Amino acid sequence: MQAYVHQGKFMQQVNPENSEKKTVLSNSENHLVSAPLWRRLAAMIYDSFLLFSIWMVVGFAVLWSFGIDQIHSSEVDQIVLNPLIKWVLFSAMLTSTWLFFGFFWTHSGQTLGMQAWRIRVLTLNGDPLNWRQSTLRILCSPVSMLLLGVGYWWALAHPDGHSWPDLISNTAIYRAPA
C-alpha cells in the first residue's frame, strides 16, 4: 500500500514498507507537454547572467584567498596569473556551475531562468533528476552548443522535442504548470 502527500503540483509517493519516497506528478498534472526550443534558449540566456554573477563572486574569493598582490600586469596591459591560480580559478568556476545546476535540477527541476520561462526538467517518467542525470546534462551541454548549437536544434527534428542533453540523461524539459 502506498500513501501520497500533496506538495503543490506534485505529490510525494511514500511506500510504507521500505520508507522509499518518490515525487510524482499529481493526477491533475499527468499530461506533460514538451517545452519549445525558444523557451529553453531564453532560460539559458537568463541563467547565463546568474552564472556570470556567481563566477564573479567565485573569482573574487579565489583571488582574495591567494592574495590580490599575486596578480601582475604585463607590458601590454594584460593580467598575468600564476598557473596554479588559473587552475584553481577554473576548477572553482566549473564546480560552481555544477553545483548551481545540480542543486536546482535535483531539488525543484527549475533554475531561476527556467522558473521565469515556466519550464521544468524531469526524468522521462516525471520524477526529479538525480545527481548523475544532472551531471550528464551539464557535461553534454557544451558539446551540444558546438557547431552552432546543433545539439539543441536537434529538438526541432526529434519527434518528442528532445535535445542531446535530454537524450543522454534520459530527461526532458517540459512546460511547467502556471
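What you are looking at is a predicted structure, and each value in this text was computed from that prediction instead of being measured.

Undergrad: Outline the environment of A178, supporting the account with residue identities and numerical values.
TA: Structurally, A178 can be placed in the segment after β7 (171–175). Note on A178: relative accessible area 83%, which makes it exposed.

Undergrad: Give me the side chain of T111: which residues, what numbers.
TA: Position of T111 among the secondary structure elements: in the loop between α2 (83–107) and α3 (112–116). Those residues in contact with T111 that sit more than four places away from it in its chain are D47, F100, F101, F104 and W105.

Undergrad: Now, about the pattern of salt bridges: what can you tell me, with residues and values included?
TA: Evaluation of the coordinates by the stated rule reveals 2 salt bridges. Of the charged contacts in the structure, one is a salt bridge between D166 and R40, with a shortest N-O distance of 2.9 Å. Remark: R40 occurs in helix α1 (residues 37–66) and D166 occurs in helix α5 (residues 164–169); sequence separation between them is 126 residues. Considered together, D166 and R40 belong to a single accessibility category, that of buried residues. Ionic pairing is found between R137 and D166, a salt bridge with its closest N-O pair at 2.6 Å. Residue R137 is located in helix α4 (residues 131–157), and its partner D166 is located in helix α5; the two are separated by 29 residues in the primary sequence. The exposure class assigned to R137 is buried, which follows from its relative accessible area of 5%. Its relative accessible area of 1% is what places D166 among the buried residues.

Reading the values: rules and limits
- Residues numbered from 1 in each chain as written.
- Predicted model: local features only at pLDDT ≥ 70, side-chain atom pairs only at ≥ 80, totals over all residues.
- Heavy atoms only, no water.
- Helix = DSSP H or I, 4+ residues; strand = E, 2+ residues; numbered from the N terminus.
- Buried < 20%, exposed > 50% of the residue type's maximum accessible area, 1.4 Å probe, protein only.
- Contact = heavy atoms within 4.5 Å.
- Salt bridge = Lys/Arg side-chain N within 4 Å of Asp/Glu carboxyl O.

Keep in mind these values describe shape, not function.
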